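The residues making up each chain are set out below.
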Amino acid sequence: MRIRTLLVLLVTLPSVGPPAEGRPNILIVLPDQMRAQALGCMENPDARTPNLDRLAAGGLLFHNAFANTPVCCPARANILTGKYAHRNGMVANDLRLRESETTLAEMLRGAGYRTGFIGKWHLDGGKRLPGFVPPGPRRHGFDFWAANECSHTHFDTQYFRDGAEPIPIRRFETEAWVDLALEFLRGARDRPFLLMIEMGPPHDPYGAPDQYMKLYDPGRLTMRPNWVEGVPGAGRREIAAYYAAVTAVDDAVGRLMRELEALGLAEDTIVVVTSDHGDMLGSHGERLKRKPWEESIRVPAIVRYPRKVKAGRSTDVFLTHVDLAPTLAALCGLGPARGMQGTDLSAVVLGKGERGPRSAFFQIFGPYAGDGTRFAWRGVRTARFMYARSEKEPWVLYDLEKDPYELRNLASDPSEAATRAALERELSQWMRRTGDAWSFDWAAPVEDAGRLYRFETFYTVAEYLRWAAAHPDLAPRD
C-alpha cells in the first residue's frame, strides 16, 4: 500500500525542485459572490474599497478575470485543481471533490510549504451543517484548518479545527476569519506558506455591521444602465447592503496587509484577491449567478508581490480560474501538476510578456430554478464578443466594443451570421480541447431544494439521480 501511494504521488505531483527556503509565500483572499464591478479600482463610482484599490495600485490588476463556471463549488474546485469542472468532477454545487484530485495545496505542501485554509470550504458535499470536514484527504492538502463547509448566516456562524466540536462566531464573520488568519501568519516564520481565506460576504443575504451600512444611501447609488427595477432581492436597498459587505471585506484585507507588513512578510508574499463568481444584482432583470453576463462571470483579480511585481500595472490579458493554480505554482518554482488545463500566466505577472489565452471558456451544466437559470449552457468570451448557447441553439451574442452593458442581443441577428459562426468555431474548439461535451449536462432538478446535500453525499450527478430514483419518498419536493 505504501509503494502504491508513493507511485500515485510521483505521477500526480510535479518535480519538487529547489528547497522551500527562498520561495514566496502565497495569501489568497476569496470573498464569495463579489463581482469585479463592485471595486473602486474597477471604476465603480460608489463602492468604498480603499484597501483593495491600494493593493491594486501596489501590484497588478487584471481587467479581464473570469469564473469559468460561475457558481460556488465548481469555481472553488477549478481554482484549486487548475482543471475545468467536467474534469475535476465538480459540475454542480454541493458535490464532493474527489480525494484523488491534485490541488495547489497538495503541490505546495509537497514542496515544503505550510498550508492553511480559513473560512467557507464548500467542497465536501453532503449536509452543509454542521460543516465539519475531518483531517485527512478531504482537506486536499491543507494542514492548518479553521473552516466550515457552508453557511451564509454571516453574523452567527461556526467553524471547526481538527475536532468535531463547533466553535461559534457571534459577530460579522469577516472579522473572525481575519483573526484566525493573523494567528496563522504569526506562526509562519519558519518556512513559506500558502494561506487561503474564503469569506462568505458579500454573498446574500446582503448586509454588514451598521458602520458599513451607514456608508451607502440606496437612493443615491449609480445604477448600471442594464439594471432593471423591481427584481425581487435585487433592488437599491439590497445593492446598498451588498456594497456595505464589500467595504467590510475591504477592511478585512486592510488588516491582513498591515499584519504582513508588521511581520516583515509583505515583500515576499504573493497576495491574490479574487472571487468565485459575481452577482447579477438586477442587471438584465436577473439575480445571483450562473449567467453568461459580465456581472456574473467577471471577478476581481489583484496580484501583489513586491519582490518581483512592479507596482501600478494593469493588464487586459485574460485570466480565468483554471489559470490560477498553474500560475502560482510557476511563481513558486514548480511545474503544473499532471492534468492541469489552465495557462501559466507567470510571465504576465512578472512583467515579462503580455501573451495569454485569446478567449475564455464558460460552462454551466444544468438548470437551477433558485436563481432563474433555465438550462445548461456553454460560452466563450473574446476581447470584443460574448457568445453563449444551449445545446439546442444560440442564446446570447454581444458586441462588447459597441455595447459594453450588453443591451442588444445579436444572437438571432442575420447581419451577424459570420461573427456567430466564428464564435461557434471558437467554442467548439474549447469543448474539444478540454474534453467537454453536452453529455455532461442534466435537465432534471438536481441542485434545487437542497437535493444534493439534504440526505447523502455524492461525487457525481449520476450518483444522485440513481439515489433519487431509488428513494422517491425522500427526494425533496419543490
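Please read all numbers here as calculations on a predicted model, not as lab measurements. (Residues numbered from 1 in each chain as written. Predicted model: local features only at pLDDT ≥ 70, side-chain atom pairs only at ≥ 80, totals over all residues. Heavy atoms only, no water.)

A. Main features of the overall build of the chain. The secondary structure content of the chain amounts to 13 helices and 14 strands. For the chain, whose C-alpha radius of gyration is 21 Å, the value lies close to the compact-globule estimate of 23 Å for 478 residues. Judged by the C-alpha coordinates and their principal axes, the chain covers about 60 × 55 × 45 Å. Considering the chain as a whole, with its 478 residues, one finds that 62% of them fall into the buried category. Considering only intrachain contacts with a sequence separation of at least 6, the fraction spanning at least 24 residues in the chain is 69%. Accessible area of the chain: about 19000 Å², with a carbon and sulfur share of 51%. The average position of the 61 basic charges and that of the 60 acidic charges among the side chains of the chain differ by 3 Å. (Helix = DSSP H or I, 4+ residues; strand = E, 2+ residues; numbered from the N terminus. Rg over C-alpha atoms; globule rule 2.2 N^0.38 Å. Buried < 20%, exposed > 50% of the residue type's maximum accessible area, 1.4 Å probe, protein only. Contact = heavy atoms within 4.5 Å. Areas by Shrake-Rupley, 256 points an atom, 1.4 Å probe, with all protein chains shown as cover. Lys, Arg positive; Asp, Glu negative; His and termini not counted. Charge placed at Lys NZ, Arg CZ, Asp CG, Glu CD.)

B. Structural view of the side chain of Glu 426. Tracing the chain through its elements places Glu 426 in helix H12 (residues 417-434). Contact partners of Glu 426, with chain neighbours within four places excluded, come to Arg 358, Ser 359 and Val 380.

C. Region of interest: the pattern of salt bridges. Applying the stated criterion across every chain, the model contains 31 salt bridges. Across the pair Arg 98 and Glu 101 runs a salt bridge, and its minimum N-O distance is 2.7 Å. With its nearest N and O atoms 2.8 Å apart, the salt bridge here joins Glu 183 to Arg 161. Residue Glu 183 is found in helix H6 (residues 173-186), and its partner Arg 161 is found in the loop between strand E5 (157-159) and strand E6 (167-169); the two are separated by 22 residues along the sequence. Arg 161 sits in the partly exposed class, given a relative accessible area of 27%. Counted as one network, the salt bridges with shared partners bring together Asp 32, Arg 76, Lys 120, Glu 198 and Asp 276. (Salt bridge = Lys/Arg side-chain N within 4 Å of Asp/Glu carboxyl O.)

D. Representation of helix H13 (residues 461-470) in the model. Within H13, the full set of buried residues consists of Val 461, Tyr 464, Trp 467 and Ala 468. Considered in projection along H13, the buried side chains sweep an arc of 120° and stay on one side of the axis. Exposed residues on H13 whose side chains face more than 90 degrees from its buried face are Arg 466, Ala 469 and Ala 470. (Arc of directions from axis to C-beta.)

E. Expanded view of the packing of aromatic side chains. If you walk through the whole model with that rule in mind, you get 25 aromatic pairs. Judged by centre distance (5.6 Å) and plane angle (75°), the rings of Trp 293 and Trp 395 are edge-to-face. In this pair, Trp 293 sits in the loop between strand E8 (269-274) and helix H9 (294-297) while Trp 395 sits in strand E14 (residues 394-399), placing the two residues 102 residues apart along the sequence. As far as burial versus exposure is concerned, Trp 293 and Trp 395 are alike and both buried. On the numbers, 6.1 Å between centres and 35° between planes, the contact of Tyr 464 with Trp 467 is tilted. Of the two residues, Tyr 464 and Trp 467 are both situated in helix H13; the distance of 3 residues between them amounts to about one turn of the helix. Tyr 464 sits in the buried class, given a relative accessible area of 2%. Among the aromatic side chains, those forming a connected cluster through ring pairs are Phe 117, Trp 121, Phe 142 and Trp 145. Sitting over the face of the ring of Tyr 368, Arg 290 holds its NZ or CZ atom 3.9 Å from the ring centroid. For the cation-ring pair, Arg 378 lies above Trp 438, with the distance from its terminal atom to the ring centre recorded as 4.9 Å. (Phe/Tyr/Trp six-rings, centres within 6.5 Å; stacked < 30°, edge-to-face > 60°. Lys NZ or Arg CZ within 6 Å of the ring centre and 35° of its normal.)

F. Focus on the sheet that holds strand E11 (residues 360-364). Strand order in the open sheet formed by 4 strands is E11-E12-E13-E14, and the pairing between neighbours is antiparallel. A single partner strand is all that each edge strand has here, and the edge strands are E11 and E14. The average angle at which neighbouring strand axes cross in this sheet is 10°, direction not considered. When E11 meets strand E12 (residues 377-381), the two strands line up antiparallel, connected through 5 bridges. Bridge pairing in E12 links Ala 360 to Arg 381. Together, E11, E12, strand E13 (385-389) and E14 form the strand contacts of H12, whose direction differs from that of E13 by roughly 65°. (Pairing = 2+ DSSP bridges. Axes fitted to C-alpha atoms, helices over the stretch in contact; angles between N-to-C directions.)

G. How the structure looks around the confidence of the model for the chain. Here the chain averages 94 in pLDDT, while 95% of its residues score no lower than 70. Note that pLDDT drops below 50 for residues 1-19; the model gives that stretch 19 contacts with residues more than four away or on any other chain. (pLDDT = per-residue confidence, 0-100.)

H. Representation of the pairing of E8 in the model. Counting buried positions over the 6 residues of E8 gives 6, a clear majority of the element. Neither face of E8 is exposed, since Thr 269, Val 271 and Val 273 on one face and Ile 270, Val 272 and Thr 274 on the opposite face are all buried. As judged from the 4 bridges shared by E8 and strand E9 (residues 301-304), these two strands associate in the antiparallel manner. Paired with Val 271 across the strands is Arg 304, a residue of E9.

I. Representation of the packing of H6 against helix H8 (residues 236-262) in the model. Relative orientation of the contacting elements H6 and H8 amounts to 15°, with a least axis distance of 10 Å. The angle between H6 and H8 places the two elements in the roughly parallel class. The handedness of the crossing between H6 and H8 comes out as right-handed. Residues Thr 174, Glu 175, Val 178, Asp 179, Ala 181, Leu 182, Leu 185 and Arg 186 of H6 touch H8, and the partners they reach there are Ala 248, Val 249, Ala 252, Arg 255, Leu 256, Glu 259 and Leu 260. (Parallel < 35°, antiparallel > 145°, perpendicular 65-115°, else oblique. Left-handed = near helix turned anticlockwise from the far one by under 90°.)

J. Here's a closer look at the sheet that holds strand E3 (residues 114-120). Taken together, the 8 strands give an open sheet; going across it, the order is E4-E3-E7-E1-E8-E9-E2-E10, and neighbouring strands pair in mixed fashion. Every interior strand has two partners, whereas the edge strands, strand E4 (144-148) and strand E10 (313-320), have only one. Between one strand and the next, the sheet's axes are offset by a mean angle of 15°, whatever the strand orientation. In this structure, strand E2 (residues 60-66) lies alongside E9, joined through 2 bridges in antiparallel fashion. Paired with Leu 60 across the bridge in E9 is Val 303. On top of the sheet, helix H10 (residues 321-331) reaches strand E1 (25-32), E2, E8 and E10; it is set at about 120° to E10, its chief contact.

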